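Descriptive analysis of the structure
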Amino acid sequence: ALVYFGTARLSLLLVFQPEGIAAIWPPSGIFLSAVLLSRQELRPYIVGLLFVTDLFVEMLTGTPFIVSILYALTPAGEAALSVWLLLRFVGDPITFRRVRDVFGFLSLSVIFSNAFMALVAAAASGLLPETSFWSSWKWWAASDGIGNLLVTPFILSWAALLKTGFGSLNPKRIVEGTALLLLLFLSYFITFIHLPRNDHF
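Residues numbered from 1 in each chain as written. Predicted model: local features only at pLDDT ≥ 70, side-chain atom pairs only at ≥ 80, totals over all residues. Heavy atoms only, no water.

1. Concerning the layout of surface pockets
- Roughly 310 Å³ of volume is contained in the second largest pocket.
- Lining the second largest pocket are 15 residues, and of these L37, P93, I94, A160 and K163 sit closest to its centre.
- With five residues, the single largest contributor to the lining of the second largest pocket is helix 6 (residues 133-164).
- Classifying every residue of the lining of the second largest pocket by side-chain character gives seven nonpolar, three polar and five charged. (1 Å grid on protein atoms, 1.4 Å probe; cavity = no way out; pocket = protein on both sides within 12 Å on 5 of 7 lines; lining within 4 Å. Points joined across faces, edges and corners; volume = space filled by probe spheres on them. Helix = DSSP H or I, 4+ residues; strand = E, 2+ residues; numbered from the N terminus. Nonpolar A, V, L, I, M, F, W, Y, C, P; charged D, E, K, R; others polar.)

Right, dumping it as structure tokens:
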């Protein structure tokens, strides 16, 4: 919850739309990872705790209470729906070592869950002045989806590495991981460096 809170506060510093949406929302990946890494009986409590944390973050920005509740329901619903779909159709654990894990994660968590739950956030944005439903929906679906795409695999892989130990590392994997990380930062820079000056999505 503390990591989520800190990351969410930092991410909201990058907000430039009237809807109050960050270009990338890494907390969504933290939220999903926390739920996936929890024991089954603790997952409802984790979702509830992170919902309250997100609600608190939204209210600190001056967002109206009703809108804050709906905004906080969006990442909570995304995480709960994503976890249910992943466990139902992909299986536990999600390790990204199988093609099924990768494609299941991309289609169910990055695309479908975010696109579906972004409808709630877009409806809430309609309560704010100078906002558009479809513009809000696009920003929510994209920013949360990118947050899941960038953060969740990293956290789950790191957790799996801690569980198995560092003895299985080999130089090829280290070079591959470093190259992918550099490519990720380069693509982030190219894609998002001009967004604050661009009025179109």
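2. Some details on the packing of helix 1 (residues 2-11) against helix 2 (residues 26-37)
- Contact geometry for helix 1 and helix 2: axes closest at 8 Å, N-to-C directions at 165 degrees. If you check the angle between helix 1 and helix 2, you find them roughly antiparallel. With respect to the hand of their crossing, helix 1 and helix 2 are arranged in left-handed fashion. Residues V3, Y4, T7, A8 and S11 of helix 1 form the contact with helix 2, whose own contacting residues are P26, P27, I30 and F31. (Axes fitted to C-alpha atoms, helices over the stretch in contact; angles between N-to-C directions. Parallel < 35°, antiparallel > 145°, perpendicular 65-115°, else oblique. Left-handed = near helix turned anticlockwise from the far one by under 90°. Contact = heavy atoms within 4.5 Å.)

3. With respect to the nonpolar core
- Formed by 26 residues in total, the largest nonpolar core has its most connected members in Y4, F31, V35, L36, L86, I94 and F105.
- Setting aside residues up to four positions removed in sequence, I94 forms contacts with L86, D101 and L156.
- Among the nonpolar cores identified, the runner-up in size contains eight residues, and V67, A121, A124 and A141 belong to it. (Core = buried A, V, L, I, M, F, W, Y, C linked by side-chain atoms within 4.5 Å. Buried < 20%, exposed > 50% of the residue type's maximum accessible area, 1.4 Å probe, protein only.)

4. Description of the pattern of salt bridges
- Enumeration over the complete set of coordinates arrives at two salt bridges.
- Across the pair E41 and R39 runs a salt bridge, and its minimum N-O distance is 2.9 Å.
- On the accessibility criterion, E41 (49% relative accessible area) is partly exposed.
- R98 is the salt-bridge partner of D101, the closest N and O atoms lying 2.5 Å from each other.
- With relative accessibility at 37%, the residue R98 sits in the partly exposed group. (Salt bridge = Lys/Arg side-chain N within 4 Å of Asp/Glu carboxyl O.)

5. Here we look at the packing of aromatic side chains
- Scanning all chains against the criterion turns up eight aromatic pairs.
- Consider the rings of W84 and F89, whose centres lie 6.4 Å apart with planes at 90 degrees: the pair is edge-to-face.
- Aromatic pair F112 and F116: ring centres 6.0 Å apart, planes at 15 degrees, arrangement stacked. One end of the pair is F112 and the other is F116, both in helix 5 (residues 99-125) and four residues apart, which spans about a single turn.
- With a relative accessible area of 44%, F116 lands in the partly exposed category.
- Counting every residue linked through ring pairs, the aromatic cluster contains F133, W134 and W137.
- A cation over an aromatic ring shows up here: R88 above the ring of F89, its NZ or CZ 5.1 Å from the ring centre. (Phe/Tyr/Trp six-rings, centres within 6.5 Å; stacked < 30°, edge-to-face > 60°. Lys NZ or Arg CZ within 6 Å of the ring centre and 35° of its normal.)

Just distances and angles here, no functional claims.
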